[in-house]
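Results of the structural survey
Listed below, chain by chain, are the residues.
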Amino acid sequence: VQLVESGGGLVQPGGSLTLSCAASGLTFTFSSYAMSWYRQAPGKERELVARITSGGGVTSYAESVKGRFTISRDNAKNTVYLQMNSLKIEDTAVYYCNAQIAMNYWGKGTLVTVSS
């Protein structure tokens, strides 16, 4: 399984970004995988940001991003998204895509920098 993140970059506080994660080389259909976004800020542990179930019907978020971030998936495109609004300096991190079905698969990450 290969996961490739894109969409990171530099944005000012209060701005928005949309991250994408394209999956390929899947053993099962993309819709079978629970998909998540994690992030890791400098000097900190990796943390779960948002998760969407394999069916796409249930989403969950870290308290720190609730109301600002939205996770979604397009099973026809084998892609999961993370819409990030009202970005804060503390959202600066490398964002990783995760696919889960019996085991975890990870992308290499995309850097999001929130700075004025």
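Coordinates for the structure precede this section.
Let me sum up the structure you'll find in this document. (Residues numbered from 1 in each chain as written. Predicted model: local features only at pLDDT ≥ 70, side-chain atom pairs only at ≥ 80, totals over all residues. Heavy atoms only, no water.)

1. Topic: the sheet that holds strand E1 (residues 2–6)
Within the open sheet, the 4 strands sit side by side as E1-E3-E8-E7. Their pairing is antiparallel. On the outer flanks of this sheet lie E1 and strand E7 (69–74), each paired with one strand and no other. If you compare each strand with its neighbour and ignore which way they point, the axes differ by 15° on average. (Pairing = 2+ DSSP bridges. Helix = DSSP H or I, 4+ residues; strand = E, 2+ residues; numbered from the N terminus. Axes fitted to C-alpha atoms, helices over the stretch in contact; angles between N-to-C directions.)

2. Remarks on the pattern of salt bridges
Applying the stated criterion across every chain yields a total of 4 salt bridges. A salt bridge links arginine 39 to glutamate 47; the shortest N-O distance between them is 2.7 Å. Note on arginine 39: relative accessible area 6%, which makes it buried. Glutamate 63 serves as the salt-bridge partner of lysine 66, at 2.8 Å between the closest nitrogen and oxygen. When salt bridges with common partners are traced through the structure, they connect Arg39, Glu47, Arg68 and Asp91 into a single cluster. (Salt bridge = Lys/Arg side-chain N within 4 Å of Asp/Glu carboxyl O. Buried < 20%, exposed > 50% of the residue type's maximum accessible area, 1.4 Å probe, protein only.)

3. Quick look at the packing of aromatic side chains
Following the criterion strictly, the structure yields 3 aromatic pairs and no others. Pairing tyrosine 38 with tryptophan 106 gives two aromatic rings, centres 4.9 Å apart and planes at 65°, and the pair type is edge-to-face. Separated by 68 residues along the polypeptide, tyrosine 38 in strand E4 (residues 34–40) and tryptophan 106 in strand E10 (residues 103–106) bring together distant segments of the chain. Clustering of aromatic rings is evident, with ring pairs tying together Phe28, Tyr33 and Tyr105. In this arrangement the basic side chain of arginine 46 is found over the ring face of tryptophan 106, its NZ or CZ atom lying 4.7 Å from the centre. (Phe/Tyr/Trp six-rings, centres within 6.5 Å; stacked < 30°, edge-to-face > 60°. Lys NZ or Arg CZ within 6 Å of the ring centre and 35° of its normal.)

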